[in-house]
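# Fold and contact review
Here's the letter readout for the chains.
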Amino acid sequence: MRNNLASGRRLALRIVLLQFAVAVLVGGAFLALGRREAASAAAGAVVVALGTAAMSARMFSGIGNAGLALGRLLAGMLLKWIMIVGGLVMILFQFKLPPLAAITGLVAAYAVYLLAFRFKG
């Protein structure tokens, strides 16, 4: 049981670090279009990375029974999506950054999340 929990924590840390790396890469790629586009793309990816980090912290906060683990998972997912949607709203409406770049960064960082489970090894 502890081994599975430890491997889950390592996978979550790896995903978050890869998402931050994608934020840098996407921001650098959009730098050719301008600083606002680069900031928007990087911010979109960072929002996903922060959401994943918050979900992971909530999900792996302790050891308990199956009901408690399911509750932590659902609370973590809810927290993650609140952070992603809230961050995207801030990027688009408060800072008025370009929406296509922000959504591209968001999709690129989320693709890392989806691909990480395919290549866990």
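In what follows, the structure referred to is the one given above.
Residues numbered from 1 in each chain as written. Predicted model: local features only at pLDDT ≥ 70, side-chain atom pairs only at ≥ 80, totals over all residues. Heavy atoms only, no water.

## Remarks on the overall build of the protein
Each helix and strand counted, the protein has four helices and zero strands in total. When the elements of the protein are put in sequence order from the N terminus, they spell out α-α-α-α. For the protein, the C-alpha atoms occupy an extent of roughly 50 × 30 × 15 Å along the three principal directions. Taken across its 121 residues, the protein has 36% of its residues classed as buried. The contacts of the protein with a sequence gap of at least 6 include a subset with a gap of at least 24, amounting to 74%. (Helix = DSSP H or I, 4+ residues; strand = E, 2+ residues; numbered from the N terminus. Buried < 20%, exposed > 50% of the residue type's maximum accessible area, 1.4 Å probe, protein only. Contact = heavy atoms within 4.5 Å.)

## Observations concerning the side chain of Lys80
Its location among the elements puts Lys80 in helix H3 (residues 66-94). When neighbours within four sequence positions are excluded, Lys80 is seen to be in contact with Gly51, Thr52, Met55, Tyr110 and Tyr113.

## Overview of a nonpolar patch on the surface
Judged by side-chain polarity, Phe20, Leu50, Leu79 and Met83 come together as a nonpolar surface patch covering roughly 300 Å² of accessible area. Judged by its relative accessible area of 31%, Phe20 is partly exposed. (Patch = residues over 30% accessible without salt bridge, like charges linked within 9 Å, V, L, I, M, F, W, Y side chains within 5 Å. Areas by Shrake-Rupley, 256 points an atom, 1.4 Å probe, with all protein chains shown as cover. Salt bridge = Lys/Arg side-chain N within 4 Å of Asp/Glu carboxyl O.)

## Description of the side chain of Gln19
Among the structural elements, Gln19 can be located in helix H1 (residues 2-30). Only 3.0 Å separates the side chain of Gln19 from the side chain of Thr52, close enough to count as a polar contact. Residue contacts for Gln19: discarding those within four places in its chain leaves Ala45, Val48, Ala49, Thr52, Ala109, Tyr110, Val112 and Tyr113. (Polar contact = N/O pair within 3.5 Å; in protein donor to acceptor, adjacent residues only side chain to side chain.)

## Observations regarding the nonpolar core
Formed by 16 residues in total, the largest nonpolar core has its most connected members in Ile15, Val48, Ile84, Ile91 and Tyr113. Sorting the residues of this core by element identifies H1, helix H2 (35-59), H3 and helix H4 (99-118) as the ones contributing at least two each. If sequence neighbours within four positions are ignored, Ile15 has contacts with Thr52, Val112, Tyr113, Ala116 and Phe117. (Core = buried A, V, L, I, M, F, W, Y, C linked by side-chain atoms within 4.5 Å.)

Interpretation in functional terms is not warranted from these geometric data alone.
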